[in-house]
Amino acid sequence: MPKKLRCSFEECKAVAQRISGDCAFCQGHFCSNHRLLEDHKCQNLEDCKREAFEQNAMQLNKERTQVIKTA
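No experiment lies behind these values; they were computed from the predicted model shown. (Residues numbered from 1 in each chain as written. Predicted model: local features only at pLDDT ≥ 70, side-chain atom pairs only at ≥ 80, totals over all residues. Heavy atoms only, no water.)

Novice: I'd like a rundown of the pattern of salt bridges, residues and numbers included.
Specialist: Applying the stated criterion to the full structure yields two salt bridges. Between Lys 49 and Glu 46 there is a salt bridge, with its nearest N and O atoms 4.0 Å apart. Here Lys 49 pairs with Glu 46, and both are found in helix H1 (residues 45-62), just three residues apart, close to one helical turn. A relative accessible area of 46% means that Lys 49 is categorised as partly exposed. In this structure Glu 46 comes out as exposed when scored by relative accessible area, which is 52%. With a closest N to O distance of 2.9 Å, Asp 47 and Arg 50 form a salt bridge. (Salt bridge = Lys/Arg side-chain N within 4 Å of Asp/Glu carboxyl O. Helix = DSSP H or I, 4+ residues; strand = E, 2+ residues; numbered from the N terminus. Buried < 20%, exposed > 50% of the residue type's maximum accessible area, 1.4 Å probe, protein only.)

Written out as structure tokens, the structure reads:
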């Protein structure tokens, strides 16, 4: 039987959740209490926020209404 992953949050010994507990920004594995970036104090939280902001800005620019002038 494979060894269960433990939460990467300091002083937490709970079992890490598969898939939903994996952080793509710090590569940690977290339990249900620490799976969110804010909850495990992810050191790459600012990168995540910047990436989300850039994606939202690109989507808004793509959906911007163009004014068509008629003569």
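There's plenty left to go through after this.
Novice: Which residues make up the environment of Glu 51, and what are the values?
Specialist: Note that Glu 51 resides in helix H1. Sequence-wise, Glu 51 and Phe 9 are 42 residues apart; in three dimensions their C-alpha atoms are separated by 24 Å.

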